[in-house]
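Here's the letter readout for the chains.
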Amino acid sequence: MALFIDVLDVWLAMLSWGMLTAGAWVILRFILGNQAVDKGFGYAFLGIGIYALVSGLWGSFTWPLPSSYNIVLMDPYALYGVAMLILGLSLINSVDLRGPLIAVAFMSLSVFNYAADILKYGLTNSPAAAAALYILVGLSGLLGPTLTLRRGSKYMAYIITIVLVLGALLAAYIGFAATFEHTAGWLSGSPSTVRTGLTNS
C-alpha cells in the first residue's frame, strides 16, 4: 500500500496562481494589446507546467491518495501541466497561437468528464465546489482559441479573464481551507499511520 502524502493544498495554490497568471497575460496581451509580454509569461507558464506535469505524473504512477481520488485529482493535474507547457513553449518561441490553443481546448474536454465523475460519486467534502472548479478550468481552456479570432477576440478576452479569476479564487479558497483542515486532521497521526484525511477536504 502506497504512503499517503497530502499535496492537495499546494496543488490548489499552484492552480490558483497559474490561473491568475493566465488572466494577467490575457489582459495584457489581448485587451491592452501588448505582445511584448509573451516571452516573459511563457517562462512563467513553463515553470508552472513543469511542476504540475512532474507532480501529476508522479501521483498517477504512485497513487499516494486514498482510492479513486488518485484518478480525479492526479490525472487532470498532469493534463494541466501539459497545457501550461504547450502555452509556455509556444510563447517563448513566438509561434502562431492558434494550434497550441486549439490543442489545449481539446484537452480541456477531459476536465468536464472529471467534474461529472466527482459529482456522480460525491468525491471530496464539497463535490459541487470541486466540480465547479473543474468546469471553470475546463471553460478557460475551451474558450482559448477565441482569443485568436479577428473579430470579437477582445470581447472573449474579457469573458476568459472573468472565468480565470473566478476559477483562481475558488481554487485558492478550497486550497486555503484544505491547509487548515488537513493540518488539523494530521495532528493525531502521521502519514505512515493515517490514510483518511482526504475525505475531509
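Here is what the cut-offs are and how they apply
- Residues numbered from 1 in each chain as written.
- Predicted model: local features only at pLDDT ≥ 70, side-chain atom pairs only at ≥ 80, totals over all residues.
- Heavy atoms only, no water.
- Axes fitted to C-alpha atoms, helices over the stretch in contact; angles between N-to-C directions.
- Helix = DSSP H or I, 4+ residues; strand = E, 2+ residues; numbered from the N terminus.
- Parallel < 35°, antiparallel > 145°, perpendicular 65-115°, else oblique.
- Left-handed = near helix turned anticlockwise from the far one by under 90°.
- Contact = heavy atoms within 4.5 Å.
- Nonpolar A, V, L, I, M, F, W, Y, C, P; charged D, E, K, R; others polar.
- Expected span 1.5 Å × (residues − 1).
- Buried < 20%, exposed > 50% of the residue type's maximum accessible area, 1.4 Å probe, protein only.
- Salt bridge = Lys/Arg side-chain N within 4 Å of Asp/Glu carboxyl O.
- Phe/Tyr/Trp six-rings, centres within 6.5 Å; stacked < 30°, edge-to-face > 60°.
- Lys NZ or Arg CZ within 6 Å of the ring centre and 35° of its normal.
- Polar contact = N/O pair within 3.5 Å; in protein donor to acceptor, adjacent residues only side chain to side chain.
- 1 Å grid on protein atoms, 1.4 Å probe; cavity = no way out; pocket = protein on both sides within 12 Å on 5 of 7 lines; lining within 4 Å.
- Points joined across faces, edges and corners; volume = space filled by probe spheres on them.
- Core = buried A, V, L, I, M, F, W, Y, C linked by side-chain atoms within 4.5 Å.
- Patch = residues over 30% accessible without salt bridge, like charges linked within 9 Å, V, L, I, M, F, W, Y side chains within 5 Å.
- Areas by Shrake-Rupley, 256 points an atom, 1.4 Å probe, with all protein chains shown as cover.

Draft legend 1. Local environment of the packing of helix α1 (residues 8-31) against helix α2 (residues 38-62). The interhelical angle for the contact between α1 and α2, taken along N-to-C directions, is 155°, at an axis separation of 11 Å. Judged on the interaxial angle alone, α2 and α1 are roughly antiparallel. Where α1 crosses over α2, the two elements pack in a sense that is left-handed. Each of Val-10, Trp-11, Met-14, Gly-18, Thr-21, Ala-22, Ala-24, Trp-25, Leu-28 and Arg-29 in α1 lies in contact with α2, whose residues at this interface are Asp-38, Phe-41, Ala-44, Phe-45, Ile-48, Tyr-51, Ser-55 and Gly-56. Of the residues contributing to the contact of α1 with α2, the split by class is 12 nonpolar, 4 polar and 2 charged.

Draft legend 2. Structural context of helix α4 (residues 98-121). Relative to the 34 Å expected for 24 residues at 1.5 Å per residue, α4 spans 36 Å between its end C-alpha atoms, a close match to the ideal helical length. Pro-100, Leu-101, Val-104, Ala-105, Met-107, Ser-108, Val-111, Tyr-114, Ala-115 and Ile-118 are the residues of α4 that are buried. Remark: Gly-122 follows α4 within two positions and exhibits a positive phi of approximately 60°.

Draft legend 3. Region of the structure containing the pattern of salt bridges. Under the definition given, this model contains 2 salt bridges. With a shortest N-O distance of 2.6 Å, Arg-98 and Asp-96 are connected by a salt bridge.

Draft legend 4. View of the packing of aromatic side chains. Within the structure shown, the criterion is met by 6 aromatic pairs. Residues Trp-25 and Phe-30 carry aromatic rings whose centres are separated by 5.2 Å and whose planes lie at 85° to one another, so their mutual orientation is edge-to-face. One exposure class covers both Trp-25 and Phe-30, and it is buried. Trp-25 sits in the buried class, given a relative accessible area of 3%. Within the aromatic cluster, the residues linked to one another by ring pairs are Trp-25, Phe-30, Phe-41 and Phe-45. Looking at Arg-29, its charged tip hangs above the ring of Phe-30, at a distance of 4.9 Å from the centre.

Draft legend 5. Up close: the side chain of Ser-55. Following the sequence through the fold, Ser-55 ends up in helix α2. A relative accessible area of 12% means that Ser-55 is categorised as buried. Separated by 2.7 Å, the side chain of Ser-55 and the backbone oxygen of Tyr-51 make a polar contact. For Ser-55, the side chain forms a polar contact with the main-chain oxygen of Ala-52, separated by 3.4 Å.

Draft legend 6. Local environment of the layout of surface pockets. Space inside the largest pocket adds up to approximately 1,000 Å³. Lining the largest pocket are 46 residues, with Leu-15, Met-19, Leu-133, Tyr-134 and Val-137 positioned closest to its centre. Looking at the lining of the largest pocket, the elements that each hand over two or more residues are α1, α3 (69-92), α4, α5 (127-142) and α6 (153-186). Among the residues making up the lining of the largest pocket, the classes are represented as 35 nonpolar, 10 polar and 1 charged.

Draft legend 7. Up close: the nonpolar core. Of all hydrophobic cores here, the largest spans 46 residues; its most connected members are Trp-25, Val-26 and Phe-45. Only α1, α2, α3, α4, α5 and α6 provide two or more residues apiece to this core. A total of 10 residues in this core trace back to one element, the largest contributor, which is α1.

Draft legend 8. Representation of a nonpolar patch on the surface within the structure. On the surface, Trp-17, Leu-20, Val-165, Leu-169 and Phe-176 cluster together to form a nonpolar patch covering roughly 450 Å² of accessible area. Secondary structure elements with two or more residues in the nonpolar patch: α1 and α6. Looking at the nonpolar patch, the element that brings in the most residues is α6, giving 3 residues. Residue placement: Phe-176 occurs in helix α6.

Draft legend 9. Quick look at unusual backbone geometry. Positive phi outside glycine occurs at Trp-63, with the angle close to 50°. Positive phi, close to 55°, is recorded for Ser-94, a residue that is not glycine. Relative to the assigned elements, Ser-94 resides in the loop between α3 and α4.

Bear in mind that shape data such as this cannot, by itself, settle questions of function.
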